[in-house]
Amino acid sequence: MNTTIVIADDHPLMLRGLTDFLSSKGFDIIGSAEDGNAAYNLIIKLEPEIAILDIRMPHKTGLEIAEACKKHNLPTKIILITFDKEEEVYDQAIESGVYGYILKEFAVEEIETCIKNVLEGKRYFSEEIASYLNHNNHTKPKNLDLLTKSELKIVRLISESKTSHTIADELSISVRTVDKHRSNIVSKLNLDKKPTSLAIWATVNKDFL
């Protein structure tokens, strides 16, 4: 069965371009919208597997839709497309539970890879964003040397958007052990206790791991 997708963008050309491109690749585009309210109503009504949303739209932003979907436990996985490289917006997106975050200038190049990852339950972020944040984050992070080899291995897997269960399977250890390692890593890196903090840190500092 073809993957069902809703697309929303307030730029008609972008909307049509993405719709035509994904349709040509065999995806089932079951709805499209040019503003946030219409997009959210489509998601509620049609329950697509994936919604591809522009971050900045009238009435509701892509971020607000992602937050509403998370709050109401809607099954649709959200991919955001944006011109924004601000770290704050990126952090908000991760906290809102989005599965993909793609820069508009690379949307057509990256969208298929992103959808493939999302369908496998993996998060996907434009490499350009990670490298931009790394560039802005300048140097090797402090306290990285405090991590043991096992902890570094786990952080690397977290940077690849792998869950505790996947990591446990891959390393042949229990989920409880992975969670204990995660807790130690958060403590050593002086991160706050938000569930997404370690994932954000690992993604941003991927090049140093």
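Here, every reference points to the structure presented above.
Rules and cut-offs
Residues numbered from 1 in each chain as written. Predicted model: local features only at pLDDT ≥ 70, side-chain atom pairs only at ≥ 80, totals over all residues. Heavy atoms only, no water. Helix = DSSP H or I, 4+ residues; strand = E, 2+ residues; numbered from the N terminus. Buried < 20%, exposed > 50% of the residue type's maximum accessible area, 1.4 Å probe, protein only. Pairing = 2+ DSSP bridges. Right-handed = clockwise from strand over helix to strand, strands pointing away. Core = buried A, V, L, I, M, F, W, Y, C linked by side-chain atoms within 4.5 Å. Contact = heavy atoms within 4.5 Å.

**Student:** Let's hear about unusual backbone geometry: which residues, and what values?
**Tutor:** Phi at His-59 takes a positive value of approximately 70°, unusual for a residue other than glycine. Its place among the elements puts His-59 in the loop between β3 (50-54) and α3 (62-71). We classify His-59 as exposed; its relative accessible area is 62%. In this model, Ser-172 sits at a positive phi of 55°, which is unusual for a non-glycine residue. For Ser-172, the position within the fold is in the loop between α8 (164-171) and α9 (175-188). The class for Ser-172 is exposed, based on a relative accessible area of 67%.

**Student:** Quick rundown of the pairing of strand β4 (residues 77-82)? Include the residues and the values.
**Tutor:** When you tally the buried positions in β4, you get five out of six residues, the bulk of the element. Pairing geometry for β3 and β4, over five bridges, is parallel. Note on β4: the bridge partner recorded for Ala-51 is Ile-78. In the classification by handedness, the crossover that spans β3, the intervening α3 and the parallel β4 is right-handed.

**Student:** Please give an account of the side chain of Ser-126 that cites residues and values.
**Tutor:** Among the structural elements, Ser-126 can be located in the loop between β6 (124-125) and α6 (127-136). Since its relative accessible area comes to 0%, Ser-126 is described here as buried.

**Student:** Quick one: what's the story with the nonpolar core, residue by residue and with numbers?
**Tutor:** Among the nonpolar cores identified, the biggest contains 29 residues, and Leu-53, Ile-65, Ile-78, Leu-80 and Tyr-101 are the most heavily contacted of them. Listing elements by their share of this core, those giving two or more residues are β1 (4-8), α2 (36-46), β3, α3, β4, α4 (87-95), β5 (100-103) and α10 (197-204). A per-element tally of this core places α3 first, with five residues. Leaving out residues up to four positions away in the same chain, Ile-65 has contacts with Gly-36, Ala-39, Tyr-40, Ile-43, Leu-53, Met-57 and Lys-60. Counting 19 residues, the second-largest nonpolar core is a separate cluster that includes Leu-18, Phe-27, Ile-29 and Ile-111.

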